[in-house]
Amino acid sequence: MNSTLSTAGLDRRAFFRGSAIAALAIFGSGSLAACSSAVGEQRSGAEESVNPVRGGTLTLAIPDDISPSALLTSTTTAGVTLSGLVYETLTRYPLDSVVPQPVLAKDWKLSDDGLTLTLNLRDDVTFHSGRPFTAADAEFSLRTYADPKFSAQLRSTAAAITGFDSSDPRTLVITLAHRTGNIFDLLDLAPIFDSQTFDKAVAGESFIGTGPFVFVSRTPNSAISFGRNPNYWIAERPYLDRVEARIVPDSQARLTSLKSGQVALVSPASLTFRDSQTLAKTSGFETTSLDGAELQVYLGANVTAEGLTDVRTRKALAYAIDRDRIMTEVYRDTGYAVNLPWPKSSPAYDAAKNSTYTRDVAKARGLVSEVGALPTIPLTYAGASPDFEAAAQIVQANLAEAGITVELDPVEATVFFKQLIGAEFKGLWLTNHTFAQYVPSTLTVSAYPFNAAHNASKFSSPAYSAAAEAAWQVPDGSSDAAKKLYADLGTQLLDELFLIEIGVVVPQVSAASTVRDLAWTKGRQPQFANTFLA
């Protein structure tokens, strides 16, 4: 398939070093166009290839249930799972680059001025209801993504679309308010909904998309069932008859379910890294890293909270944290310590700046002494995650050495994300963020922790907003001009420290070795059209 882009418009060269478009599994007309992943590519060399087998049920364990109100937020594993199985997007990135590849859009053209994008859509796609997919549905979905009531993280990019022309059912033309360097991030992430049944999705009654699996049923806080889409536009796919997602909130229970054969797969980053690595050495199981779908662990600070208003306190935090210990003990050296949010594969990565704050307890104590007496500061984290709990305990001990007392505040995941989206944290919080593996500018105009217009830290700065806006509008995200703007953003992040980065973590997936050809997107959405049970 050809994807034509104007060289004077948005240059979509591989922003991530080592890009290989071959990592995307795309076949000829009427066949597969879906992202491959490291899963299935790192099997034992001694293992013989197995021809795909049709039929069977893949059972997986996930930590949470669907929250219809969070359908567009990408904050729950269940929501990400639903999105990957039931819904599709217009384009899709492979794991190792941000070069868009065809999905529901078969090719596209960006105008020379970078303000008009014409997408030619597939004509052989139907929704699970049987109704043909048209440009009007794509328009509806992008308009819905821009609706503030859904709190989608790339809403600002969707809102930059000021005009739609869907008069031709097979062509969608969008007009942008300004050059928007991450427009394909939006097209990669925004699910295409059936405009006629979206109200049922929001109510949690039914979820109708164009994907390889059809939503069958949901037992709240227990299980979600998906069946094979018999009319999927990729011939002979999917191989599986069903996918059963069992909701298992406890990490140890998820491990037990996998080891006992009750489930064959645990969703990405849903086991401790120690357990995932142990499974990698256990006969009958495999653990694989999702390179290209990185997460970044960080400590956030409400800059309006008592004790955190003075940047010297936040710098003390940055010096006190033992990043290397956290990365080794909690994340088992699956990643690396950083001071800035972007991974090594990103054009925004800056090795020198990432060594700005290394552990120096003496400096941290000196800064605390300058500030004076500090109150006890709450440190909130999602208590159901043993990795977050372990990391929070190390941070608590590190800060105590610097004379900063924090009180651990574990909360339910739903409460945590509500506080994150609503900027309701009382002091510090610890979690991970995503989107740094996409176009670098996406982070600072979109992600809840970083969004220059509204973020969880309640931080605002005209200079930060201007730099974020400028980086967003650079058409070529890997150009020298873009890199200079990323450097400016990095300097401001290090100077203001409303977020204190800890490390880049590569998510891991553990499964029974009988599960073959698993695949995931950069956003960790399952792509199971080719998956089968050996």
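Preceding block: the structure.
Structure report, in brief. Once a new chain begins, its residue numbering starts again from 1 and follows that chain's sequence as written. With pLDDT at 70 or above as the cut-off, local features in this predicted model cover only qualifying residues; side-chain atom pairs require 80 or more to be listed or tallied, and sums for whole chains, interfaces and linings still use all residues. The side-chain numbers reported here are obtained from all heavy atoms of the structure, hydrogens and water having been left aside.

### A closer look at the overall build of the chain
Numbering of helices and strands runs from the N terminus, with a helix taken as a DSSP run of H or I at least four residues long and a strand as a DSSP run of E at least two residues long. Of the regular secondary structure elements, the chain holds 15 helices and 23 strands. The C-alpha atoms of the chain give 23 Å as radius of gyration, which agrees with the globular expectation for 534 residues (24 Å, within 12%). Classification of residues uses two cut-offs on accessible area relative to the type maximum, computed with a 1.4 Å probe and protein chains only: under 20% is buried, over 50% is exposed, and between them is partly exposed. Relative to its 534 residues, the chain shows a buried fraction of 60%. The contacts of the chain with a sequence gap of at least 6 include a subset with a gap of at least 24, amounting to 73%. For accessible areas, the Shrake-Rupley method is used with a probe of radius 1.4 Å. Any residue's cover is judged against the shown protein chains and nothing else. By element, 49% of the accessible surface of the chain is carried by carbon and sulfur atoms, the whole surface being about 19300 Å². Working convention for charge: Lys and Arg count positive, Asp and Glu count negative, and His plus the chain ends are omitted. Taken as the charge location is NZ of Lys, CZ of Arg, CG of Asp or CD of Glu. Here the chain holds 44 positive side-chain charges and 55 negative ones, and the gap between their average locations is 1 Å. With C-alpha atoms as the basis for the radius of gyration, the globule rule is written as 2.2 Å multiplied by the number of residues raised to the power 0.38. Two residues qualify as a contact provided that any one of their heavy atoms is within 4.5 Å of a heavy atom in the partner residue.

### Some details on the side chain of E88
Among the secondary structure elements, E88 is positioned in the loop between α1 (77-86) and β4 (91-92). One buried charged side chain, E88, makes no salt bridge at all; its nearest oppositely charged neighbour is R92, positioned 7.4 Å away. Two N or O atoms count as a polar contact when they lie within 3.5 Å, although within protein this holds only if one can serve as hydrogen donor and the other as acceptor, and sequence-adjacent residues are included solely when both atoms are side-chain atoms. A polar side-chain atom of E88 sits 2.7 Å from a polar atom in the side chain of T210. In this structure the side chain of E88 is engaged in a polar contact, spanning 2.5 Å, whose partner is the side chain of Y232. Setting aside chain neighbours within four positions, we find E88 in contact with V103, L104, A190, P191, I192, T210, G211, P212, Y232 and W233. Salt bridge, as used here: a side-chain nitrogen of Lys or Arg that lies within 4 Å of a carboxyl oxygen of Asp or Glu.

### Considering the nonpolar core
Here is a general trend for soluble globular proteins: nonpolar side chains tend to be buried in one another's company. Joining through side-chain atoms within 4.5 Å is the link that ties buried Ala, Val, Leu, Ile, Met, Phe, Trp, Tyr and Cys residues into a set, and such a set is a nonpolar core. By size, the foremost hydrophobic cluster in this structure holds 150 residues, and its most contacted members are L90, F226 and L428. Per element, the largest residue contribution to this core is six residues, and it comes from helix α11 (residues 386-401). Beyond its immediate stretch of four places on either side in the chain, L90 contacts P102, V103, L104, A105, L121, F133, A138, L142, L187 and I192. Counting residues in each nonpolar core, the second largest holds nine residues, with A61, L255, L258 and V266 among its members.

### Remarks on the sheet that holds strand β7 (residues 116-121)
We treat two strands as partners when DSSP finds at least two bridges between them. One open sheet holds the four strands; their spatial order is β6-β7-β9-β8, and the pairing between them is antiparallel. Every other strand in the sheet has two partners, leaving β6 (105-110) and β8 (161-165) as the edge strands with one partner each. On average, each strand axis in the sheet is inclined to that of its neighbour by 20°, with strand direction left out of account. In terms of strand pairing, β7 meets strand β9 (residues 171-176) through five bridges, oriented antiparallel. Its bridge partner lying in β9, T118 is registered against V173. In this analysis an axis means a line fitted to C-alpha atoms, helices contributing only their contacting stretch, and an angle means the value between N-to-C directions, from 0 to 180 degrees. Packing against the sheet, helix α2 (residues 135-145) makes contact with β7, β8 and β9, and its axis sits at approximately 30° to β9.

### Some words on the packing of aromatic side chains
Two rings from Phe, Tyr or Trp (for Trp, the six-membered ring) form a pair when their centres sit within 6.5 Å of each other. Planes less than 30 degrees apart are called stacked, planes more than 60 degrees apart edge-to-face, and all others tilted. Evaluation of the coordinates by the stated rule reveals 23 aromatic pairs. Aromatic pair F150 and F198: ring centres 5.6 Å apart, planes at 80°, arrangement edge-to-face. Residue F150 is found in the loop between α2 and α3 (155-159), and its partner F198 is found in helix α5 (residues 198-202); the two are separated by 48 residues along the sequence. In this pair, the class of F150 matches that of F198, namely buried. Consider the rings of F416 and F417, whose centres lie 5.8 Å apart with planes at 90°: the pair is edge-to-face. The class of F417 is partly exposed, set by a relative accessible area of 22%. A cation over an aromatic ring shows up here: K344 above the ring of Y336, its NZ or CZ 4.4 Å from the ring centre. We count a charge as sitting over a ring when the NZ of a lysine or the CZ of an arginine lies within 6 Å of the ring centre and within 35 degrees of the ring normal.

### A word on the side chain of T73
Note on placement: T73 falls in the loop between β3 (57-62) and α1. The residues touching T73, leaving out its near neighbours within four places in the chain, are F150, S151, Q153, I421 and Y448.

### Thoughts on the environment of D495
Looking at where D495 falls in the secondary structure, it is placed in helix α15 (residues 480-496). The partly exposed category is assigned to D495, whose relative accessible area is 44%. Put simply, D495 and K315 are 180 residues apart on the chain and 8.4 Å apart in space, counted from C-alpha to C-alpha.

### A word on unusual backbone geometry
Here the bond from R237 into P238 is cis, since omega is -5°, no more than 30 degrees from zero. You can see P238 is positioned in the loop between β11 (223-228) and β12 (242-247). Positioned with a positive phi, S151 is a non-glycine residue whose angle comes to about 55°. Here S151 lies in the loop between α2 and α3.

### Observations regarding helix α10 (residues 361-371)
V361, A364, L367 and V368 are the residues of α10 that are buried. Viewed along the axis of α10, the buried residues span an arc of 125°, placing them on a single side of the element. Exposed and oriented more than 90 degrees from the buried face of α10 are A362 and S369. If you follow the buried residues of α10, they end up packed against α8 (311-320) and α11. Positive backbone phi, at 100°, marks G372, one or two positions downstream of α10. As used here, the arc belongs to the directions running from the helix axis to the C-beta atoms.

### Remarks on helix α14 (residues 462-472)
Those residues of α14 that sit buried are Y464, A467, A468, A471 and W472. Buried residues in α14, looked at end-on, bunch into an arc of 135°, giving them a common side. Lining the buried residues of α14 we find α3, α13 (441-446) and α15.

### A look at the sheet that holds strand β21 (residues 508-512)
Strand order across the open sheet formed by seven strands is β10-β11-β12-β3-β13-β21-β14, with mixed pairing between neighbours. Taken across any chain shown, the strands that pair with only one partner, and hence form the sheet edges, are β10 (213-219) and β14 (285-289). Summarising the sheet, β10 and β11 pair through six bridges and their orientation is antiparallel. Residue S217 lies in a different strand from β11, and its bridge partner there is S225. Across the face of the sheet, α1 comes into contact with β3, β10, β11 and β12 while running at roughly 10° to β11.

Remember, this is a structural readout, not a statement about activity or role.
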